[in-house]
Amino acid sequence: MRQNPAPPMQEFLDGLDDYKTISRGEVVDGVVMRVDPDGVLVDISSKSEGFIPAREMQSLGPDGLAKLKVGDELVAFVLNADQEGQVLLSLDKARGEKGWRLLQRCFDRAETFEARVEGYNKGGLLVNFEGVSGFVPVSQVASVRLERAGEQEDNPQMAQMVGQSLKLKVIEINRRRNRLIMSERAALQDWREQQKTRLLDELKEGELRRGKVTGIRNFGAFVDLGGADGLIPLSELSWQRVASPQDVLQVGQEVEVYVMKVDPTTKRIALSLRRARPESWDEIVSKYGVGQLVTGTITKLAAFGAFARVEGAVEGLVHVSELSDRRIGHPKEVVKEGDVVTLKILRIEPERRRLALSLKQVQEESREARA
């Protein structure tokens, strides 16, 4: 039986060109082929395999060998490549190369990552990621108050952060200049946007949620529900009249709130503190009954009617059809904000924490009584 002839010598030599020539000082990619007690054998696409002694894997921490398995990809530094093709590698010396590659990928993909704070100066934090040193300017540190922070050489807030891990994003990277600028604020903003999207999908109108007060304005209070803020309008802080939100809440206070409205389009969440305490409303409104006459102050006008606060505690709606016995285009034709009027209770609406009121019926009954 005729055998295939051996390949020509030139074809064999040409095949050797497919393998890379490895030189000392290079950084190469490799795949773990075998893990031995004294080190790791690595395929580096060369004429021979590379070997990483256990002493060159200190950056993996204790039991570094146990963290590697066949098939793992890694980056290694070439310590020595002799004439016989023996290639000695180091994981420790290549750690910085791996770090730069990961950082570049995070920058290109706008991804967040964690890095350890190694120190600080008056300008910001010094951090380390996979052997690469970077800087977080104080203006980009979310957990440090900016008041005069940049003027203090010994900032206690930043001193406490040394040794901690922070979630960061790369905002500037230039390996040639060894320049790496990162931001905690940008990473936190990304996280909050993700949490807000999740919350908007999860939140249901009418449910109760716990949160923390993050800000107080003259028009209401903001509450963090776990990554997204909702607003409690001034009118929804208490069943009693409130002059200022500070009379009811303070920043940092944990509260239970009622979800009034979730708008996925505008990404706004409307909350109520008073509706989370229905027993207060029930207690207040228990003295009222359908058909009863009450005194109310007009607090707000809308196209569909006028809102009235009854005795400063309970709110009611006078529908536009119940404002006058004549046809009107807008409530302002009959009443204005601040007017004090006598109203008749048509319905008590516990689910909406509101009374349905009528001005028209009070006026009709008054005319009939005079006739």
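A brief look at the structure comes next. Starting from 1, residues in each chain are numbered consecutively following that chain's sequence as written. Owing to the predicted nature of the model, reporting of local features is limited to residues with pLDDT of at least 70; listing and counting of side-chain atom pairs is limited to 80 or more, with chain, interface and lining totals taken over all residues. Note that the side-chain values use all heavy atoms of the structure and ignore hydrogens as well as water.

### Description of the overall build of the chain
Applicable threshold: Per the convention used, a helix needs a DSSP run of H or I reaching at least four residues, while a strand needs a run of E reaching at least two, with both numbered from the N terminus. Type-normalised accessible area, obtained with a 1.4 Å probe on protein chains alone, sets the label of each residue: buried when under 20%, exposed when over 50%, and partly exposed for intermediate values. What makes two residues a contact is simply this: any of their non-hydrogen atoms within 4.5 Å. Values of accessible area rely on a 1.4 Å probe in the Shrake-Rupley scheme; residue burial ignores everything except the protein chains shown.
Broken down by element type, the chain carries six helices and 20 strands. Within the chain, the proportion of its 371 residues that are buried is 39%. A sequence separation of at least 24 residues applies to 59% of the contacts in the chain between residues at least 6 apart. Looking at the chain as shown, the accessible area adds up to about 21600 Å², and 47% of this sits on carbon and sulfur atoms.

### Thoughts on the sheet that holds strand S4 (residues 73–81)
For sheets, the rule is that strands pair by backbone hydrogen bonds, running either parallel or antiparallel. For the record, the criterion: The pairing criterion for strands is at least two bridges between them, as found by DSSP. Between N-to-C directions, angles cover 0 to 180 degrees, with each direction set by a line fitted to C-alpha atoms, over the stretch in contact for helices.
Spatial ordering of the closed barrel is given by S1-S2-S3-S5-S4, a layout of five strands whose pairing is mixed. Sheet twist, expressed as the mean angle between neighbouring strand axes with direction ignored, is 50°. In this sheet, strand S5 (residues 87–90) lies alongside strand S3 (residues 50–53) in parallel orientation, the contact comprising two bridges. Following the sheet pairing, Gly50 is matched in S5 by Val87.

### Quick notes on the pattern of salt bridges
To keep things clear, this is the line we draw: Salt bridge, as used here, is a side-chain nitrogen of Lys or Arg placed within 4 Å of a carboxyl oxygen of Asp or Glu.
This model, assessed by the stated rule, comprises 21 salt bridges. Two residues, Glu114 and Lys167, come together in a salt bridge whose shortest N-O distance is 3.5 Å. Of this pair, Glu114 sits in strand S6 (residues 113–121) while Lys167 sits in strand S9 (residues 165–174); the two residues are 53 residues apart in sequence, bridging distant segments of the chain. Taking the shortest distance from any N to any O, the salt bridge between Arg326 and Glu333 comes out at 3.8 Å. Taking the relative accessible area as the measure of exposure, Glu333 reaches 41% and is therefore partly exposed. A cluster of three or more residues bridged by salt bridges with shared partners is formed by Arg198, Glu202, Glu207 and Arg209.

### Some remarks on the pairing of strand S11 (residues 208–217)
Where S11 lies against strand S14 (residues 254–263), five bridges are found, and the strand directions are antiparallel. When the sheet's bridge partners are listed, Leu208 is paired in S14 with Tyr258. Of the strand pairs in this sheet, S11 and strand S12 (residues 220–224) are connected by five bridges, and their pairing is antiparallel. Bridge pairing in S12 links Gly215 to Phe222.

### Some details on the nonpolar core
Keep this limit in mind: Residues belong to a common nonpolar core when they are buried Ala, Val, Leu, Ile, Met, Phe, Trp, Tyr or Cys residues joined through side-chain atoms within 4.5 Å.
One finds Leu103, Phe113, Leu125, Val127, Leu168, Leu180 and Met182 to be the most contacted residues of the largest nonpolar core, which totals 22 residues. Secondary structure elements with two or more residues in this core: helix H2 (95–109), S6, strand S7 (124–129), strand S8 (132–137), S9 and strand S10 (179–183). In terms of residues, this core owes the most to one element, S9, which gives four residues. Those residues in contact with Leu168 that lie beyond four places of it in its chain are Glu111, Thr112, Phe113, Ala115, Val127, Val136, Met182, Ser183, Glu184 and Ala187. One finds Val314, Val318, Val320 and Leu343 within the second-largest nonpolar core, a separate group that totals 21 residues.

### Focus on the side chain of Arg275
Inspection of the secondary structure assignment puts Arg275 in the loop between strand S15 (268–272) and helix H5 (278–285). With a relative accessible area of 13%, Arg275 lands in the buried category. In this structure, Arg275 is in contact with Glu236, Trp239, Tyr258, Met260, Arg352 and Arg353, ignoring residues within four places of it in sequence.

### Here we look at H2
Put simply, the test is: Expected helix span is taken as 1.5 Å per residue step, with the number of steps being one fewer than the number of residues.
With 15 residues, H2 ought to run about 21 Å at 1.5 Å a step, and its terminal C-alpha atoms sit 21 Å apart, in line with that. Every buried residue of H2 is listed here: Glu97, Gly99, Trp100, Leu103 and Cys106. Two residues or fewer after H2 comes Ala110, characterised by a positive phi angle close to 55°.

### Digging into the sheet that holds strand S18 (residues 314–319)
Taken in spatial order, the five strands of this closed barrel run S16-S17-S18-S20-S19, and their pairing is mixed. Each strand axis lies, on average, 50° off the axis of its neighbour in the sheet, ignoring direction. Bridge count for strand S16 (residues 293–302) against strand S19 (residues 340–349) is five bridges, and the pairing is antiparallel. Paired with Gly296 across the bridge in S19 is Val341. Helix H6 (residues 360–370) contacts S16, S19 and strand S20 (354–358) of the sheet and is inclined by roughly 115° relative to S19.

### Re the side chain of Lys169
Convention followed: We call two N or O atoms a polar contact when they sit within 3.5 Å, provided that within protein one can donate a hydrogen and the other can accept it, with sequence-adjacent residues counted only if both atoms are side-chain atoms.
Residue placement: Lys169 occurs in strand S9. On the accessibility criterion, Lys169 (14% relative accessible area) is buried. One polar contact links Lys169 to Asp190, side chain to side chain, over a distance of 2.8 Å. Every residue in contact with Lys169, bar those within four places of it in the chain, is listed here: Ala110, Glu111, Thr112, Phe113, Ile181, Met182, Ser183, Ala186, Ala187 and Asp190.

### Describing the pairing of S7
By the criterion of burial, S7 is predominantly enclosed, with five of the six residues buried. For S6 and S7, the ladder comprises five bridges, and the chain directions are antiparallel. For Val117, the partnering residue across the bridge sits in S7 and is Val127. Two successive antiparallel strands, S6 and S7, enclose a turn made up of two residues.

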